[in-house]
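# Understanding the architecture of this molecule
Now for the letters of each chain:
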Amino acid sequence: MSVDLTIGKAINAGLRRAMESDPQVLVMGEDVGRLGGVFRVTDQLYKDFGADRVIDTPLAESGIVGTAIGLALRGYRPVCEIQFDGFFFPATNQTFAQLAKMRRRSAGALNVPVVLRIPYGGGIGAVEHHSESPEAYFAHTAGLRVVTPANAVDAYWMIQQAVTSPDPVVFFEPKRRYYDKAEVDTGASEAAAAMGSARVARPGSDVTLLAYGPMVKTALQAAEADTERSIEVVDLRSLAPVDYATVEESVRRTGRLVVAHEAPVTGGIGGEVAARVTESCFYHLESPVIRVGAFDTPYPQSRLEEHYLPDLDRILDGVDRAFAY
Amino acid sequence: MSDNTAHGEPELVQLLAPDGELHDDPDYPLDISAEEIRGLYRDLVLVRRVDTEAVALQRQGELGLWASLLGQEAAQIGSARALRPQDTAFPSYREHGVAWARGVAPKELLGLFRGVTNGGWDPAEYGLHLYTIVIGSQTLHATGYAMGVQRDGATGEDGSAVIAYFGDGASSQGDTSEAFTFAAVNNAPVVFFCQNNQWAISEPPDRQTRVPLYRRAAGFGFPGVRIDGNDVLASLAVTRKALQQAREGQGPMLIEAFTYRMGAHTTNDDPTRYRASAELEEWKAKDPILRLRTHMQTAGIAGDDFFTEVEDEADRLGERLRAECRSLPDPDPLDIFHEVYAEPNTQIDLQRAEFADYLASFDDAGAEGGR
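Summarised in this report is the structure supplied together with it. (Residues numbered from 1 in each chain as written. Chains lettered and ligands numbered in written order. Predicted model: local features only at pLDDT ≥ 70, side-chain atom pairs only at ≥ 80, totals over all residues. Heavy atoms only, no water.)

### A word on the packing of aromatic side chains
Inspection of every chain in the model, using the stated rule, returns 36 aromatic pairs over all chains. The interplanar angle of 40 degrees and the centroid separation of 6.1 Å between the aromatic rings of Phe258 of chain B and Trp283 of chain B together place this pair among those described as tilted. Of this pair, Phe258 of chain B sits in strand β5 (residues 253-258) while Trp283 of chain B sits in helix α10 (residues 277-284), placing them 25 residues apart in sequence. Taken as a pair, Phe258 of chain B and Trp283 of chain B share a single burial class, namely buried. Three or more aromatic residues link up through ring pairs in this structure, and these residues are Phe88, Phe89, Phe96, Tyr120, Tyr137, Phe138 and Phe172 of chain A. The side chain of Lys241 of chain B reaches across the aromatic face of Tyr28 of chain B, ending 5.0 Å from its centre. When the ring centre of Phe307 of chain B is taken as reference, the NZ or CZ atom of Arg293 of chain B above it lies at 4.3 Å. (Phe/Tyr/Trp six-rings, centres within 6.5 Å; stacked < 30°, edge-to-face > 60°. Helix = DSSP H or I, 4+ residues; strand = E, 2+ residues; numbered from the N terminus. Buried < 20%, exposed > 50% of the residue type's maximum accessible area, 1.4 Å probe, protein only. Lys NZ or Arg CZ within 6 Å of the ring centre and 35° of its normal.)

Below you can see the structure in the form of structure tokens.
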């Protein structure tokens, strides 16, 4: 049963399927009930599953994550919506100090299968605290899995895999791509995307261009626009753990790596990948690993975001730098 | 002192006065046998001995740290003995009496403070969650868990309830307020048990609040009550009622146990820098163990033989604990990588393999006669 779905609708369909197949799955967050979430990702779930399974919470992010931990300890599988990236910070203690560490602290006696859904990234002309890319904080925290889909097919499958994972999963949703469509086979019994794996989104032979989430589309456009060089685009999908096998295999073939993301470059996923690949693929590299990202500044006012976010030209400039050696 | 100030001793529920005299409280009737009272006394003495031994073990370098419960035995034993097997408690890090009452072996408590475990017991087995160090965090876990109990339909007269332990310091944390909010709007079957032991490390209650803590509950829409936290019978009676109301669908309740931390915050703390010795003397007169003993003697609930017997048992417990503590083995170095994730994790697997090789290289070096 193939249907044309946006990323937002694909997550909704994935959530619905997860809730139908497991009565322990709950959806909770601010405005997720009657409103269906500010991006309508939980649209109609309240109507069909009721207030006990689609919980409109008080406006308290620490409370959302903290009570989700308690619900998970009781055997539930809460999927929390954190309304926007910049609103996550009040929940840091519950996420980093509690959720991430509980399995380890209990020597494996406790699983805490909480999913944190966080719409992230810029490009929608929002006011401050609505456009950030905080994924590196999460990837730095042991005990969390961090993933982000870049298209509707992956969104549909990855949210279901996040829900069934026994580990806490931070599920970053590329909010400026919520309305991008793709054909999704919602009737398929097996997943089309493995949450923990990277994928080659576009094959190429001269340089590997690594991206994830909202930047994958831009990377594909850049690859398309470059008629001189054959750019291979790898969609990372999982930021923690990173599927280095796929990344390294690609780099060994192409000999060059450019990493692009929306987050500031310092301390970002790109730097981590660059370091790792330099260690493991040193003799295959024709040039240093190049990072293309946002500046080490707060996310700017939206009238400046087109300069702040890496676009097609900035990515191609990064590719040029990789070929300058 | 007036009920309007936070820091004196306002009206509080008390069944057993410091002089050992027993009073009835019509709101909190307590149906208790002489046998049960002897059991409570035994709990109080043995838990105090666990604490005393642990402080000594820390001084001898066997524990990295210990958070003493001295003075808070009655609040913990009374409330925890009100729990049923199917109930679940979410402690902070000083709840050794609660752990005792839930059946967790004292040596398990030492593991965390000795640094051989990060937790120490299976929470599901005992209905006692792991100690929580970041104060107030567990109030939300308890509330969420109670929301789960509610969804399971596990409430009702013979059902389950949840209790969250925290201190006066934790009452200032946002998480505690958020837990109150979530519990109230969901009518969750959770009892908030605040041990106001008067000192959050060096900070007295007037650095935490301008109203008595139990009165916070009113603003969230559920009842709050202050009890004499050094009175094990009041603690038992009030907690038992609060838990029963919670499991029967009447929602949360806040119990503020007005007590005193007679020891240091932890073995790293020096309370002589911030509190007067006269204050300690004043609270010693309200000692939870002495008053129960006085009552038992006066009421003929136990004779000298019983008290000697309990002392002997405490001596044996202390001896055993010392031996058990010293025999807790250091974990295997590769334990660092265990149980971080339930699912395979390539990054951790890789690091574990590299570290295992690194460790093995020392064995090889040893086999070759070293360098």
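### Let's talk about the sheet that holds strand β5 (residues 115-120) of chain A
Residues and elements named next belong to chain A. With mixed pairing, seven strands are arranged side by side in an open sheet as β3-β2-β4-β5-β7-β6-β12. If you trace the sheet from one side to the other, it starts and ends with β3 (54-56) and β12 (238-240), each paired once. Direction aside, neighbouring strands of the sheet carry axes that sit 20 degrees apart on average. As paired elements, strand β4 (residues 77-81) and β5 share three bridges and run parallel to each other. Note on β5: the bridge partner recorded for Cys80 is Leu116. Against the sheet, helix α7 (residues 152-164) makes contact with β2 (25-29), β4, β5, β6 (145-147) and β7 (169-174), and its axis sits at roughly 160 degrees relative to β7, the strand it touches most. (Pairing = 2+ DSSP bridges. Axes fitted to C-alpha atoms, helices over the stretch in contact; angles between N-to-C directions. Contact = heavy atoms within 4.5 Å.)

### Looking at the interface of chain B and chain A
Contact residues are listed per partner, giving 42 residues for chain B and 46 residues for chain A. Taken together, the two surfaces of chain B and chain A that pack against each other cover about 3500 Å², and 54% of this comes from carbon and sulfur. Taken together, chain B and chain A are joined by five salt bridges. The salt bridge involving Arg103 of chain A is made with Glu339 of chain B; its shortest N-O contact spans 2.6 Å. Contributing elements (two or more residues each) for the side of chain B that touches chain A: α6 (137-151), α7 (174-186) and α13 (346-367) of chain B. A total of ten residues in the side of chain B that touches chain A trace back to one element, the largest contributor, which is α6 of chain B. Per-class residue counts for the side of chain B that touches chain A are 18 nonpolar, 15 polar and nine charged. (Buried area = accessible area lost by both parts, 1.4 Å probe. Salt bridge = Lys/Arg side-chain N within 4 Å of Asp/Glu carboxyl O. Nonpolar A, V, L, I, M, F, W, Y, C, P; charged D, E, K, R; others polar.)

### Re the packing of helix α3 (residues 61-73) of chain A against α6 of chain B
Where α3 of chain A contacts α6 of chain B, the axes come no closer than 6 Å and their chain directions differ by 55 degrees. Here α6 of chain B runs oblique to α3 of chain A, going by the angle between their axes. Between α3 of chain A and α6 of chain B lies a crossing whose hand is right-handed. Here Ser62, Gly63, Gly66, Thr67, Ile69, Gly70, Leu71 and Leu73 of chain A of α3 of chain A lie close against α6 of chain B, whose contacting residues are Leu140, His141, Thr143, Gly144, Tyr145, Met147, Gly148 and Arg151 of chain B. (Parallel < 35°, antiparallel > 145°, perpendicular 65-115°, else oblique. Left-handed = near helix turned anticlockwise from the far one by under 90°.)

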